[in-house]
Amino acid sequence: MIQIILLPLICLYFKLLTYSKYVCMKLLDKYNQQLPRYTSFPAHPHWNGSPTTVQWMNQLQETSRENNNLEIYIHIPYCESLCRFCACNKKITKNKEISKIYIDALLKEWKHYTDQNLDFQTTGIHLGGGTPTFLSPGELDLLFTELSKTMKFAPKFKGSIEIDPRVTVPGHLEVFEKHNFNHISLGIQDFDLAVQENISRIQPLELVADLVSKIRSRDGIFLNFDLIHGLPGQTPETIRDTFDKVIDLGPDTIAYYSYARVPWKSKAQSLLEKLKIPTGEEKKELFDIGKQALLANGFKELGFDHFAKPESELYKSKQSGTLKRNFMGYTVSNAEMLIGLGCSSISYSGLGYVQNEKNPDTYMEQIQKGEMPFITGHTHSELDIEIYKNIQELMCNGRSDLTETLSKMSTNLSGTVLAELNDMKTDGILDINNGVVEVKEIGIPYVRNICKALDYNLKDKKTPKNQFSSTI
Ligand SMILES: C[S@@+](CC[C@H](N)C(=O)[O-])C[C@H]1O[C@@H](n2cnc3c(N)ncnc32)[C@H](O)[C@@H]1O
Ligand code: SF4
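These numbers come from a predicted model, not from an experiment. Residue positions within a chain follow its written sequence, with the count starting from 1. Chains and ligands are labelled sequentially in the order written, the chains with letters from A and the ligands with numbers from 1. Only residues with pLDDT of at least 70 get local features here, since the model is predicted, and only at 80 or more are side-chain atom pairs given and counted; chain-wide, interface and lining totals rely on the full set of residues. Processing note: side-chain calculations cover all non-hydrogen atoms of the structure and skip hydrogens and water entirely.

Caption draft 1: Representation of the layout of surface pockets. A pocket, in this scheme, is an open set of points on a 1 Å grid over the protein atoms alone with protein on both sides within 12 Å along at least 5 of 7 lines, while a cavity is a set where a 1.4 Å probe fits but cannot get out; residues line either one if an atom lies within 4 Å of a point. Grid points are joined across faces, edges and corners, and a volume is the space filled by probe spheres set on the points. Estimates place the volume of the second largest pocket at around 640 Å³. Taken together, 32 residues line the second largest pocket, and the ones lying closest to its centre are Lys 324, Ala 335, Glu 336, Tyr 348 and Tyr 388. Starting at the N terminus, helices and strands are each numbered in turn, a helix being any DSSP run of H or I of at least four residues and a strand any DSSP run of E of at least two. Of all elements in the fold, only α2 (53-66), β11 (324-326), β13 (337-341) and α13 (382-397) reach the threshold of two or more residues within the lining of the second largest pocket. Side-chain classes follow a simple rule in which Ala, Val, Leu, Ile, Met, Phe, Trp, Tyr, Cys and Pro form the nonpolar group, Asp, Glu, Lys and Arg form the charged group, and the remainder, Gly included, forms the polar group. Per-class residue counts for the lining of the second largest pocket are eleven nonpolar, 13 polar and eight charged. Mapping the lining of the second largest pocket onto the domain boundaries places at least three of its residues in each of domain 1 (45-346) and domain 2 (381-465). An automatic or database domain assignment supplies the start and end points of every domain.

Structure, rendered in structure tokens:
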């Protein structure tokens with residue numbers, strides 16, 4: 001009797017399972033496109049040109065009158081060895097003498113800003129790269145000490161730094177503590193030895209575990225791990241194993257990036273192209289395995305590629321609807337302005353962007369000549385400011401009111417935007433009512449596609465191939 005009742009239920013369960021798998025594959029087929037990452041709006045290829053130094057300083061003056069909170073990003077481009085997957089702006093060198101010259105350039109660049117008598121208070125400094133721990137503890141100490149002489153720190157100042165466990169020594173941790181750099185992000189990528197060999201980054205678990213225990217022996221440290229899915233050699237089994245190890249090590253947040261496959265830009269990635277690289281459905285499965293492991297172990301989803309412990313400041317900020325995302329990742333900072341120091345760094349004035357020269361040698365030459373090393377930039381229109389606000393809200397809080405943005409668009413453009421969003425509503429990845437878009441759970445991986453609907457630069461034109469990485 002029980003069998004007669006249960007059988008149809010079991011059949012229904014499997015039918016639903018098959019149907020939901022079918023829906024997921026249809027979405028993947030349709031939305032796995034090469035698109036901007038929308039860490040800026042407009043996306044980098046659509047910027048309208050660099051402002052002059054005077055125009056740039058005026059933009060900073062104007063914004064600082066309303067909100068004088070400032071974030072600083074410092075790019076250290078050097079690494080001792082090359083990881084084949086890497087898409088960052090880096091220079092591989094063993095020449096440690098270069099650090100002193102580079103620090104000198106960073107301090108000279110900062111002086112251009114302090115000479116303007118701008119009224120800032122620094123809410124955070126983030127060091128990224130390349131590898132910030134390419135600099136010795138003494139060199140980092142010198143850099144932080146010199147910067148702090150001309151800086152007014154906000155009471156809740158946050159120092160954060162990306163470190164490579166292979167080139168981090170106990171002396172670095174002492175310098176971080178001395179200068180309040182207690183947000184530490186470790187480049188992990190993957191723990192499987194075969195994957196590590198494929199990407200040319202051998203980093204044994206013991207080495208990471210030893211560093212993590214040294215970091216955790218200090219009070220008040222906030223620890224992030226960077227991991228990547230879609231690397232050659234990764235399988236569901238290796239990813240499960242990597243996540244078991246990651247969870248045992250107990251980071252506070254995890255960035256679980258999609259492998260950005262851009263061999264036309266990062267030449268070393270061409271070496272990986274000869275190997276079997278998980279794509280599409282396989283890659284999505286690797287992501288889902290990691291995500292489920294994290295959710296089952298108490299992490300919460302922060303955004304489409306970030307996870308955090310519920311007690312973390314970042315997750316609390318998400319719950320209160322105040323979470324933001326900038327070039328460095330998710331943040332609780334409400335600073336309107338970002339000054340990027342060092343080669344390739346991007347600055348944001350609240351009214352637009354500038355980017356520094358990418359080549360470290362050319363950057364240093366320009367600074368030594370007393371010039372600002374800007375190579376490109378963008379000055380926002382009113383519409384850009386509104387769209388950027390929407391993109392921030394969609395990426396961080398999964399919801400945004402488009403009314404203001406739509407009213408600033410031509411009838412033609414707003415009609416196209418609404419048609420695209422309604423198509424996505426039919427596909428079930430979002431809801432839209434009275435101009436308010438809400439991203440559905442199943443739509444989170446496709447938030448870049450939802451942002452693209454607002455991107456007037458990508459209308460009526462075919463996006464050139466090989467400009468952006470894939471959504472999945
Ligand atoms: C500047 S590195 C981190 C610090 C240090 N250089 C290291 O590798 O440990 C920043 C992070 O970017 C991520 N990354 C680099 N290239 C990537 C790519 N092609 N796709 C996805 N993530 C990438 C990695 O997770 C890496 O940890
Ligand atoms: S992943 Fe980090 S260490 Fe490796 S090349 Fe890129 S920036 Fe350098």
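Moving on from the coordinates now.
Caption draft 2: Just the packing of helix α3 (residues 98-114) against helix α4 (residues 137-149), in detail. Where helices are involved, their axes are fitted lines through C-alpha atoms of the stretch in contact, as for all axes, and angles between N-to-C directions lie from 0 to 180°. Viewed as axis vectors pointing N to C, α3 and α4 meet at an angle of 10°, and their least axial separation amounts to 11 Å. With respect to their mutual orientation, α3 and α4 come out roughly parallel. Taking contact as the criterion, the partners of Ser 99, Lys 100, Ile 103, Leu 106, Leu 107 and Trp 110 in α3 are, on α4, Glu 139, Leu 142, Leu 143, Glu 146 and Leu 147. Of the residues in the contact of α3 with α4, the class split is seven nonpolar, one polar and three charged. With respect to orientation, any angle under 35 degrees is reported as roughly parallel, any angle over 145 as roughly antiparallel, any angle of 65 to 115 as roughly perpendicular, and every other angle as oblique. Residue contacts are defined here by distance: any two heavy atoms, one from each residue, within 4.5 Å place the two residues in contact.

Caption draft 3: Focus on the packing of helix α8 (residues 236-249) against helix α10 (residues 280-296). Taken N-terminus to C-terminus, the directions of α8 and α10 make an angle of 30°; their axes are 9 Å apart at the nearest point. When the interaxial angle is binned, α8 and α10 end up roughly parallel. α10 is crossed by α8, and the crossing has right-handed handedness. In contact with Pro 236, Ile 239, Arg 240, Phe 243 and Ile 247 of α8, α10 contributes Glu 285, Leu 286, Ile 289, Gly 290, Ala 293 and Leu 294. Here the residues of the contact of α8 with α10 are counted per class, giving eight nonpolar, one polar and two charged. With the far helix as reference, a near helix turned anticlockwise by less than a right angle produces a left-handed crossing, and one turned clockwise produces a right-handed crossing.

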